[in-house]
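# Summary of the model geometry
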Amino acid sequence: QVQVVETGGGLVQPGGSLRLSCAASGIIFSINAVAWYRQAPGMQRELVAFISSGGSTNYAESVKGRFTISRDNARNTGYLQMNSLKVEDTAVYYCKCGLGTGFWGQGTQVTVSS
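Residues numbered from 1 in each chain as written. Predicted model: local features only at pLDDT ≥ 70, side-chain atom pairs only at ≥ 80, totals over all residues. Heavy atoms only, no water.

### Observations regarding the overall build of the chain
What counts is decided by this rule: Helical segments are the DSSP runs of H or I of at least four residues, strand segments are the runs of E of at least two, and each set is numbered from the N terminus. Each radius of gyration is computed over the set of C-alpha atoms, and the globule rule expresses the reference value as 2.2 Å times the number of residues to the power 0.38. A simple rule labels every residue: compare its accessible area, found with a 1.4 Å probe on the protein chains alone, to the largest value its type can have, and call it buried under 20%, exposed over 50%, or partly exposed in between. Throughout, a residue-residue contact means that at least one pair of heavy atoms, one from each residue, lies within 4.5 Å. Here the open area of atoms and residues is found with the Shrake-Rupley method and a 1.4 Å probe, where only the protein chains shown may cover a residue. The charge count treats Lys and Arg as positive and Asp and Glu as negative. His and the chain ends do not count. By convention, the point assigned to a charge is CZ for Arg, NZ for Lys, CD for Glu and CG for Asp.
Assigned secondary structure in the chain consists of 0 helices and 11 strands. Each helix (α) and strand (β) of the chain, taken in turn from the N terminus, gives the series β-β-β-β-β-β-β-β-β-β-β. Compactness check: the chain gives a C-alpha radius of gyration of 13 Å against a globular reference of 13 Å for 114 residues, within 12% of the reference. Along the first, second and third principal axes, the C-alpha atoms of the chain reach 40 × 25 × 25 Å. Counting every position in the chain, which comprises 114 residues, the buried fraction comes to 41%. Here the analysis covers contacts within the chain between residues at least 6 apart in sequence; of these, 53% occur between residues at least 24 apart. For the chain, the computed accessible surface area is about 5,900 Å², with 49% contributed by carbon and sulfur atoms. Positive and negative side-chain charges of the chain, numbering 9 and 6 respectively, have mean locations separated by a distance of 4 Å.

Next up, the structure:
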């Protein structure tokens, strides 16, 4: 059974940082792409960052230079380092392993507020 679990969300002030983790089990993590999405209330889910199995990365324009996606295949874990957080980054963040439909986690809430 495949499981994807996100952790690391929370409440942070504007300008602060958080690191999200995405732990996967039941799949061969190293051959799967990892992507982070987010969904704010009343908004569509959007792609935030992507890392291929080979380590190539892509970012949404809104987070470029502030967020960094990475992966540790030995730990079957993906990460999203979020710096210089803004109020508009507030959302539920989801991790997806694999391409296409993929395997999704349950999401972790990130709230940026003073």
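### A look at the state of the cysteines
Applied cut-off: Defined by distance alone, a disulfide is two cysteine sulfur atoms within 2.5 Å.
Tallying each qualifying case throughout the model produces 1 disulfide. Note that Cys22 is cross-linked by a disulfide to Cys95, the S-S spacing being 2.0 Å. As the torsion about the S-S bond is roughly -70°, the Cys22-Cys95 disulfide counts as left-handed. Taken as a pair, Cys22 in strand β3 (residues 18-25) and Cys95 in strand β9 (residues 91-97) lie far apart in primary sequence, 73 residues in all. On the basis of relative accessible area, Cys22 is assigned to the buried category, the value being 0%. For Cys95, a relative accessible area of 0% corresponds to the buried category.

In short, the description is geometric, and any link to function would need to be established separately.
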